[in-house]
Amino acid sequence: MKNKSLYIIPARGGSKGIPRKNIKELAGVPLIHYSIAVARALVDDAHIIVSTDDDEIAQVARRTGLPISYMRPAHLATDTAGSREVILDAMNYADSIGIHYDNVVLLQPTSPLRNADDVKRALELYSHDIDMVVSVVETSANPYYNCFETDVRTGYLHVCKGDGKITRRQDAPRVWEYNGAVYVINPRSIRAMAMGGFSRKVPYEMPRERSIDLDTPMDWAIAELVISELSKNK
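Right, let's walk through the structure included here.

Conventions used here
- Residues numbered from 1 in each chain as written.
- Predicted model: local features only at pLDDT ≥ 70, side-chain atom pairs only at ≥ 80, totals over all residues.
- Heavy atoms only, no water.
- Buried < 20%, exposed > 50% of the residue type's maximum accessible area, 1.4 Å probe, protein only.
- Helix = DSSP H or I, 4+ residues; strand = E, 2+ residues; numbered from the N terminus.
- Pairing = 2+ DSSP bridges.
- Contact = heavy atoms within 4.5 Å.
- Phe/Tyr/Trp six-rings, centres within 6.5 Å; stacked < 30°, edge-to-face > 60°.
- Lys NZ or Arg CZ within 6 Å of the ring centre and 35° of its normal.
- Arc of directions from axis to C-beta.
- Polar contact = N/O pair within 3.5 Å; in protein donor to acceptor, adjacent residues only side chain to side chain.

Of all the seven residues making up strand 6 (residues 132-138), six are buried; the element is thus mostly covered by neighbouring parts of the structure. In the sheet, strand 6 pairs with strand 10 (residues 201-205) via five bridges, with the strands oriented parallel. Each bridged residue has a counterpart across the sheet, and for Val-133 the counterpart in strand 10 is Val-202.

In structure tokens, the structure reads:
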């Protein structure tokens, strides 16, 4: 039987780096519409929950035709609210209205260049005996090669990992960072612990050009440029 996913798109009203970014237009499209479009390409609307505390965000999301009936509680829309609590609240809502799912797909609006194929490939890596599949991108800095720490005793720099004898980047082990685009989460695992406690994580590698995470105005400008170039090449 094919696994069924619950898609959660978290979009609270407050954002400091880019004010009102979830509904700000990126290349002429409200940011949240990108994630909604990806989810709707993969699952029926009943399995998509936009988690927002903000009436305006809900209204903008509805312009896509997606019904919005769930609103996030105010106490989960603060700067200190954790991702786990937000996910669990949306899961509890889904449970209360009889939505059945085998895994949870978290799509953060701040990754607009992620596409439906990225989510499909991440889902193909998922199984019930792991905690999470998470999208990653190879880091631009490598702790075996060009990341350094300061020795607390001497004040001298030393390489973060290894013996410091690697002189070519291609000889260093590859290392990854989360890019924030796709999380496929085991419901049992998230109910038991925060994602930081997961030990069984499987990476799904994405290219750097689709791994832009919108946190600053500079990130936004780069995303606009990438989208413009992609549209030219179609």
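There is more to say after this.
Attention now moves to the environment of Tyr-7. Locating Tyr-7 in the fold gives a position in strand 1 (residues 5-10). Residues Tyr-7 and Trp-220 lie 213 residues apart in sequence; the distance between their C-alpha atoms is 24 Å. Beyond its immediate sequence surroundings of up to four residues, Tyr-7 is in contact with Ala-39, Leu-42, Val-43, His-47, Ile-48, Ile-49, Val-105, Leu-107, Val-119 and Leu-123.

What the rule picks out here adds up to two aromatic pairs. For the ring pair Tyr-70 and Tyr-93, a centre distance of 5.0 Å and an interplane angle of 40° mean the geometry is tilted. Here Tyr-70, found in the loop between helix 2 (55-62) and helix 3 (83-96), pairs with Tyr-93, found in helix 3; they are 23 residues apart in sequence, far enough to count as distant. For Tyr-70, a relative accessible area of 6% translates into the label buried. Aromatic pair Tyr-178 and Tyr-183: ring centres 6.2 Å apart, planes at 85°, arrangement edge-to-face. A residue is classified by how much of its surface remains accessible, and Tyr-178, at 40% relative accessible area, is partly exposed. If you follow Lys-24 out to its NZ or CZ, it ends over the ring of Trp-220, 5.3 Å from the centre.

With that settled, the discussion passes to helix 2. For helix 2, the set of buried residues is Ile-57, Ala-58, Val-60 and Ala-61. Here the buried residues of helix 2 occupy an arc of 165° about the axis, which is enough to place them on one side. Looking at the buried positions of helix 2, the neighbouring elements they touch are strand 3 (29-30) and helix 1 (31-40). Where helix 2 begins, one side-chain oxygen reaches toward the backbone nitrogen of Glu-56, 2.9 Å away; that side chain belongs to Asp-54.

Among the secondary structure elements, Asn-186 is positioned in the loop between strand 9 (176-185) and helix 5 (187-192). Excluding residues that lie within four positions of it along the chain, Asn-186 makes contacts with Tyr-126, His-128, Ile-130 and Asp-131.

Quick look at the environment of Lys-201 now. Along the chain, the position of Lys-201 falls in strand 10. For Lys-201, a relative accessible area of 37% translates into the label partly exposed. Residues Lys-201 and Val-134 lie 67 residues apart in sequence; the distance between their C-alpha atoms is 7.0 Å. When neighbours within four sequence positions are excluded, Lys-201 is seen to be in contact with Met-132 and Tyr-178. A polar side-chain atom of Lys-201 sits 3.4 Å from a polar atom in the side chain of Tyr-178.

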